[in-house]
Amino acid sequence: MPIRELERTFDPALVEGRIYKAWKDSGQFHARPTPARKPFTIMIPPPNVTGILHMGHVLDNTIQDVVIRFRRMQGWEALWQPGTDHAGIATQNVVEKKLRDEGTSRKELGREEFVARVWKWREEYGGVIIRQLQRLGASCDWERERFTMDEGLSSAVEEAFLHLYAKGLIYRGHYIVNWCPRCQTAISDEEVEHVDVEGRLHFVTYPFEIGGTEGITVATTRPETILGDVAVAVNPADERYQALIGKSVHVPFIDRPIPIIADDYVEMEFGAGALKVTPAHDINDFELGKRHHLEPIVVIDETGTMNAAAGPFAGQDRFVARKGVVHRLKEMGLLARVENHAMSLGHCHRCNTVIEPLLSRQWFVKMGPLAEPAIRALKSGRLQFAPEHWNKVYLNWMTNIRDWCISRQLWWGHRIPVWYCDQDATPHAGRGAPTACTICGGAAFTQDPDVLDTWFSSWLWPFSTLGWPERTKDLDYFYPTQYLTTGPDIIFFWVARMVMAGIEFMDREPFPVVYLHGIVRDEQGRKMSKSLGNSPDPLDLIDRYGADALRYTMILLTPSGQDVLFSEKKCEVGRNFANKIWNASRLALSHMEGFDPAATDWKTLPLQDVDRWILSRLDETVESVTGSLDTFRYNEAARDLYEFAWGDFCDWYLEFAKQLFYAEPGPERTAAQAVTHEVLATLLHLLHPFQPFITEELWSVLPGGSSDGASLLIRRPWPVSIPERRDDAASAGVAHLKEIITSIRNLRIEMNVSPGKNVDVVLKARPNESGILSRLSGYVRSLAKVGDLVIGPEVARPEVAAAAVVGETEVFLSLTGAIDLTAESARLNREIDKIEKLAQSVEKKLANEDFRAKAPAEVVEAEGERLKLLRDTRARLADNLAIISGGAK
RNA sequence: GGGCGAUUAGCUCAGUUGGUAGAGCACUCGCUUCACAUGCGAGGGGUCACAGGUUCGAGUCCUGUAUCGCCCACCA
C-alpha cells in the first residue's frame, strides 16, 4: 500500500469508532457453549448503574480486556460477562436528589411511583458507563448484558433468600446495627468506614444523691448518650470501687437511679476505670446489658435526633445535644475534666455521615456455616489470590466473620420475600404471599417493607447472570469462571461473598484465581476522588491521547498489586508508543509492494544474520509475553513488547532492512520484506490485547491481513514460540555489530566529526569474528556513516586515529585532518581508568580462595574470562595512548 | 492492638530461582538524515532507607530499626 494513505501521525479519533463497530457487527464478542473448545469466563465487576467511568474502572477493565483478548486469541471460548449493579443506596440517593430539585420527594410520590421513577431514570442514564467502557475498547459480550434488578436475577435473589431461610441461615432480630441517619437505613459492617479522629474523653460524675456532686466518675466520648444510661460498670477486681458495687447512682438531668455493676469487660487502666452502660447505642454496652438483664433505653431516633426519652434535650440533633450536655454538666459541677482522645469513628461508606449504632429489628445471614467451606477452598488451593499476600487478608476476615445485616430501609432494591400475617404477625417466606397463615389461618398478609442489601444480588453474579436457578446450557458450560480481577477495596463486599455463594448454591468455587490490582492514585499518592478534583476524566484522556494510549499506559504503570500513581503526562508514553508502531508500519508498508506473504517459502529465503537475529528476538518476545500474561505480570508483558518493538525492531532492524528495501529487487530484498512482514504481523498480534484499535487498523492494511469479519485480529490465533527461529550465533554477531556501530558513533562525537561527514574506519577483529563482521559491513557503513571500511585480523592501524575496544575487536576511526590529541588522550585515560577499576575488582574476587573453592565452576570460569578480556582491552587502549603520546611530541 | 505493602538515578517506578544495577520522564550535547521532532544519535547521573546476620558473593534471603501508606480490630 502506498504510504501516503496512512496519516503521518496516528490519529485515534479516525479509527476507534470504525474499528469498534467492525468488532461488534462481526459478532466477535459473542461467546456460546462450544463443545470443541474450553470456556474461559470472566465476570465484569458490575459497576454501579449510577457510575461514570473513573480511572479505577479504566485499570480494572483494561486488565480484564487484555486477559479476555489474550485467551480468545489462544482459542478459548472466551466469555466476558458485562452488566451493572442496581446500587440500592447510591441510586436511591441520586433519584431522590432529582426529586428534590423538582420540588417533590420520595414520600410524596409513594413507594410504587418512586420505584417507577428509578426505573425511568435507569432507562435514561443507566447506560452511560456501559458506553464509556465500550470507548475504552472493552470486548464484553454485550448481548449478554445483565442488570441486578432484571427479572432473572431477581428470581435468583429470591431463590437464594428462600434457600438460606429454609436452612435456618437467615434470621430476624433486634440488634445494634450500623445506622446511617442520613440514608436512614441500616448498613453492614463492611459499609462502615473507620476514620481516625481526635475525640474528647469526658469525665462525668454520676452523683449518689440527686443534686449532689459526690459520686462515681466515668469516662465517655459520647456525653449525649448519658440520657440512655442504665448502669455504671466497674471491674470486679478493681479495689477502688469494691465498696460501691451494688450501690446506685443517678443519671444526670433525669435523675434516674442506676446500679453500679461489676463486669470483667471494664478495663481498670482506661479512663476512670468506670464505664457508663448505654445498651441502645453502643454495641459493647448492648452485650453488657444483656449479661446483666438491663433494659435498653433508646434516646436517639433514626434521623440522629434526640427523642422524648432524652428529657431536656429532646428534639435536638445528636451533636447539638452533645454540646448542650457538656455545657450543662459543667454548670452542675459534674464534669470532672476533659481529655483529648484519639479514636476511630465509623462513617457511612456512601454519604460519609457519622454512623449511629442503633438498636433495631433487622434481617441477618448467619455467616459461620458459609465461611467454613470458603476457608477450606483457600487452604486446599482451589482458590488463590494474586499477589498471594491477599490470602491472609481473606482468611483473617473469613475466620473472624460476623453475621451479615442484609435488610435495608430503602425502596429501591429486591424486596424481602417475607409476608406477615395481618392478624398474628407470623412471618411466611416464599415467592408471593401465602394463601393462609400457618398459625392462625388468616388470609391477609403484608410484605416486609425492607429491601435486601445490593451485595445480596451481587454475590450471586457469577451464576445468576448465566441463568441460575435454571440449569441452563450457559450455566453448565461457563460456570465456574476462570479468573476474577478487581480492586482490593471490594474483597469483602464482593469477592469473599461470591466464594461463599458459589460454594453454597453451585457447590463449586466461582473462580480459581483472584487477581487484585492496586488503587489508582494521583501524583501525591492521594486516592482519586470527586471532592479533591484530582481525578482526570478518562473520556477526556481517550479523546486527547486515544484509548490505546490510555490502556497501554495504565498497564505499563501497574506492577502486580501495587498502587498506581497516575498523572496525565504519563499518557504520553502510551501515545508515543502507539505512534511509533504506526510509523514503523508506515515504513514497512511503503516497501511491501509486490510482496505476497502467502507465497513466501521460508526454506529458500536467503536470510541474513540480521534477519536471524530479529527472528530470535521475536521468538523470545513471544515466549516472555505469553509467560507474563499467564502469570498476571501485565506490566512486564507491556514492557517487553515496548523494548522489542522500539529498541530492537525500530531502532535497529528496520534501519538494517532499509539497505535492502532501497536495493534492487531480488531474493535478498524479498527476504527482508518477508522478515519485516512477519515481525510486524506477529508484533501486532502480541500488542492487540493492549492496543486493540491501532493494531486492528494496521492489520487491516497489512498484506495478508484483512478487515473482513472472518479474519479480524481480535479472532486471530495467538503467536506461539517457534524454537527453530532462534539463532545464537547470528544474535551474538549482531549484538557485537550494534556495539561496534555505537562505538563508532561515540568516537565521531568525541572527535567532533560533523554528522554529515563520512569517516574511514578500520576494524581489527579476531579471525573468527572477521567473517561475520565482513558480511555485516554494509550496516556499519550506513548506520555509522562510514566511508572506507577495512576489516580483518591483520589490518594496519591508521596513522592518525581515535581508538576503542569493543569486546575483542579494535575500532579505529581514521582522522586524516586535525586531531585533538589532548582530548583523545584524555578520553583514552578515562577509558583505561574505568577498565582498570573493573579489572581490579574481578582480580580481587579471583584472588579469594573461598570464591575459587566454593563458587560454581562456571561462575569462576566466566570471571576468569572476563578478567582476561579486561586486561586485553586495557592493554590495547594503553597501546593507543602510547601511539598518541608519541605522535604528540 | 494486629496484619500488609512501600523505601533503588532529580521524579515515577521495573528488577521471578543470590553472580558486572535498568526503563520512562527530566537533564547535557549534536541532528529537521528519504517511517516517526509523539522523532534520531551520543552522554551524565545510584553506599539499592538504616543496622546486623547467612553466604565465596546480597537490591535480591533472615532479624531488627526508622519513615510513609493501607487494611482489620467492641478500651468507653
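See the structure shown above.
Below, the structure is looked at part by part. Each chain has its residues counted from 1, running along the sequence as written. A letter from A marks each chain and a number from 1 marks each ligand, given out in the order of writing. Totals for whole chains, interfaces and linings use every residue, but because this is a predicted model, local features are given only for residues with pLDDT of at least 70 and side-chain atom pairs only at 80 or more, for both listing and counting. To get the side-chain values, all heavy atoms of the structure are used, and hydrogens and water are removed first.

**Considering the overall build of chain A**
The helix and strand inventory of chain A stands at 28 helices and 29 strands. By the compact-globule yardstick of 29 Å for 889 residues, chain A is too spread out, its C-alpha radius of gyration being 37 Å. Accessibility here uses a 1.4 Å probe with only protein chains present; expressed as a share of the type maximum, an area under 20% marks a residue as buried, one over 50% as exposed, and anything in between as partly exposed. Classification of the 889 residues of chain A by burial places 54% in the buried group. A separation threshold of at least 6 residues defines the contact pool for chain A, and within that pool the share at least 24 residues apart is 77%. Positive: Lys, Arg. Negative: Asp, Glu. His and the chain ends are not part of the count. All charge positions are set by atom: Lys at NZ, Arg at CZ, Asp at CG, Glu at CD. Positive and negative side-chain charges of chain A, numbering 102 and 122 respectively, have mean locations separated by a distance of 2 Å. Put simply, DSSP H or I for four residues or longer makes a helix, DSSP E for two residues or longer makes a strand, and each gets a number counted from the N terminus. The atom set for the radius of gyration is the C-alpha atoms, and the globule formula is 2.2 Å times the number of residues raised to the power 0.38. Residues are treated as being in contact if the distance between any of their heavy atoms lies within 4.5 Å.

**Describing the protein's contact with RNA strand B**
For this purpose, a residue is taken to be near a molecule or strand whenever a single non-hydrogen atom of the residue falls within 4 Å of it. Taken together, 54 residues form the shell around RNA strand B, and within it R8, N284, N583, N746 and R866 come nearest. At the protein interface, 65% of the atoms of RNA strand B within 4 Å belong to sugar or phosphate. By the criterion applied in these results, polar contacts are pairs of N or O atoms within 3.5 Å in which, for protein atoms, one can donate a hydrogen and the other can accept it, and in which residues neighboring in sequence qualify only through two side-chain atoms. Between RNA strand B and R8, the relevant distance is 2.3 Å, taken from a phosphate oxygen to a side-chain nitrogen or oxygen of the residue. The separation between a sugar or linking oxygen of RNA strand B and a polar side-chain atom of N583 is 2.4 Å. Within the residue set of the surface near RNA strand B, elements represented by two or more residues are strand 8 (215–220), helix 11 (390–399), helix 18 (571–590), helix 20 (634–661), helix 23 (728–750) and helix 27 (849–854). For the surface near RNA strand B, the element with the highest residue contribution is helix 18, accounting for 9 residues.

**A closer look at unusual backbone geometry**
With an omega of 10 degrees, the peptide bond between W468 and P469 qualifies as cis. Mapped onto the elements, P469 comes out in the loop between helix 13 (461–464) and helix 14 (473–478). Put simply, Y479 and P480 share a cis peptide bond, and its omega is 0 degrees. With respect to the secondary-structure elements, P480 resides in the loop between helix 14 and strand 22 (484–486). Phi is positive for H293, close to 50 degrees, though the residue is something other than glycine.

**A closer look at the sheet that holds strand 19 (residues 427–429)**
For two strands to be treated as a pair, DSSP must find no fewer than two bridges joining them. In spatial order, the strands read 19-18-20; together these 3 strands make up an open sheet with antiparallel pairing. On the outer flanks of this sheet lie strand 19 and strand 20 (445–447), each paired with one strand and no other. Each strand of the sheet is rotated relative to its neighbour by a mean of 30 degrees, with strand direction disregarded. By the bridge criterion, 3 bridges tie strand 18 (residues 418–421) to strand 20 in an arrangement that is antiparallel. Across the sheet, the residue bridging to C421 is F445, located in strand 20. All axes are obtained by fitting lines to C-alpha atoms, using only the stretch in contact for helices, and the reported angles, taken between N-to-C directions, cover 0 to 180 degrees.

**Section: the pairing of strand 14 (residues 356–365)**
Across the 10 residues of strand 14, 8 count as buried, placing the element largely inside the fold. Bridge count between strand 5 (residues 170–180) and strand 14: 10 bridges; the pairing is antiparallel. Note on strand 14: the bridge partner recorded for W179 is E356. Bridging between strand 14 and strand 16 (residues 404–405) involves 2 bridges; their strand directions are antiparallel. Bridge assignment links V365 to a residue of strand 16, and that residue is W404.

**Here we look at the pattern of salt bridges**
Definition used for salt bridges: Asp or Glu carboxyl oxygen within 4 Å of a side-chain nitrogen of Lys or Arg. All chains considered together, the criterion is met by 59 salt bridges. For D540, the salt bridge is made with R544, and the minimal N-O distance between the two is 2.7 Å. With D540 and R544 both in helix 16 (residues 538–545), this residue pair falls 4 residues apart, about one helical turn. The class of D540 is partly exposed, set by a relative accessible area of 31%. When its relative accessible area of 43% is taken as the criterion, R544 is described as partly exposed. Across the pair D648 and R617 runs a salt bridge whose closest N-O atoms are separated by 2.7 Å. Note that D648 is positioned in helix 20 and R617 in helix 19 (residues 609–630), a separation of 31 residues in sequence. Each member of the salt-bridge network shares a partner with another, and the members are R222, E224, R318, R322 and E356.

**Quick look at the packing of aromatic side chains**
Stacked, tilted and edge-to-face are the three classes assigned to paired rings of Phe, Tyr and Trp, where Trp is represented by its six-membered ring and a pair needs centres within 6.5 Å; plane angles under 30 degrees give stacked, over 60 edge-to-face, the rest tilted. Under the definition given, this model contains 44 aromatic pairs. Considering the side-chain rings of Y20 and W23, the 5.6 Å spacing of their centres and the 70 degrees angle between planes classify their relative orientation as edge-to-face. Highlighted residues: Y20 and W23, both in helix 1 (residues 12–25), separated by 3 residues, approximately one helical turn. In this structure W23 comes out as buried when scored by relative accessible area, which is 0%. A centroid spacing of 6.2 Å and a plane angle of 70 degrees characterise the contact between Y552 and F690, whose relative ring orientation is edge-to-face.

**Details of helix 16**
Two residues of an α-helix separated by three or four positions point the same way, owing to the 3.6 residues in each turn. Within the sequence span of helix 16, burial applies to P538, L539, L541, I542 and Y545. Down the axis of helix 16, the buried set is contained in an arc of 160 degrees. They therefore lie on one face. Residues of helix 16 that are buried make contact with helix 1, helix 2 (55–73), helix 6 (128–136), helix 17 (547–557) and helix 18. At the N-terminal end of helix 16, a side-chain oxygen is found 3.0 Å from the backbone nitrogen of L539, two or three residues along, and the residue is D537. G546, located one to two residues past helix 16, shows a positive phi value of around 100 degrees. For this quantity, the arc is that covered by the directions from the helix axis to the C-beta atoms.

**Quick notes on the sheet that holds strand 6 (residues 185–187)**
One open sheet holds the 4 strands; their spatial order is 6-5-14-16, and the pairing between them is antiparallel. Of all strands in the sheet, those with a lone pairing partner are strand 6 and strand 16, marking the two edges.

The values are spatial; any link to function lies outside them.
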